[in-house]
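One letter stands for each residue in the lines below.
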Amino acid sequence: QVQLVESGGGLVQAGDSLRLSCVASGRTFSTYTMAWFRQAPGKEREFVALSTRSEYYADSVKGRFTISRDNAKNTVYLQMNSLKPEDTAVYYCAAQSHSLYSTDERNYDYWGQGTQVTVSS
């Protein structure tokens, strides 16, 4: 069992930066694909970025967001730069160990509670 706890959300202005953190419990963190998803009001949850042997990003955040991980601290980060109002959403951290580069939320077994990011124009 893996527990995920996100932090770092908040209210910022367009163009600002924010860094999200997700701390995972468990001893095998380094073997998990870690990902960030987000869900805006009235929309379905969507993939943002993942970290496994390499990183992969949704087109909408490529060049602005960076996912990184510190396996010694069981932590994955999402550095978000040049934020836009359309980035407003609840951001979720997720983990899975059976489908290396999956961007499909159905393949993720463990989820955090989410952290709100609001970008004002």
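Keep in mind that what you see is a predicted model, and the values were worked out from it rather than measured. (Residues numbered from 1 in each chain as written. Predicted model: local features only at pLDDT ≥ 70, side-chain atom pairs only at ≥ 80, totals over all residues. Heavy atoms only, no water.)

A. Molecular detail of the sheet that holds strand 7 (residues 65-70). Read from one edge to the other, the open sheet built from 4 strands follows the order 1-3-8-7, with strand pairing classed as antiparallel. Each end of this open sheet is capped by a strand with a single partner; those strands are strand 1 (4-7) and strand 7. This sheet shows a mean twist of 15 degrees between the axes of neighbouring strands, independent of strand direction. Examined bridge by bridge, strand 3 (residues 18-24) and strand 8 (residues 75-80) share 6 bridges and lie antiparallel to one another. Following the sheet pairing, Val-23 is matched in strand 8 by Thr-75. (Pairing = 2+ DSSP bridges. Helix = DSSP H or I, 4+ residues; strand = E, 2+ residues; numbered from the N terminus. Axes fitted to C-alpha atoms, helices over the stretch in contact; angles between N-to-C directions.)

B. Structural detail: the state of the cysteines. Throughout the structure, instances matching the rule amount to 1 disulfide. A disulfide bridge connects Cys-22 with Cys-93, and the sulfur atoms are separated by 2.1 Å. Of note, the bridge from Cys-22 to Cys-93 carries an S-S torsion of about -80 degrees and is left-handed in sense. Placement of Cys-22 in strand 3 and of Cys-93 in strand 9 (residues 89-96) is noted, with a sequence separation of 71 residues between them. For the pair Cys-22 and Cys-93, one class covers both residues: buried. (Disulfide = S-S within 2.5 Å. Buried < 20%, exposed > 50% of the residue type's maximum accessible area, 1.4 Å probe, protein only.)

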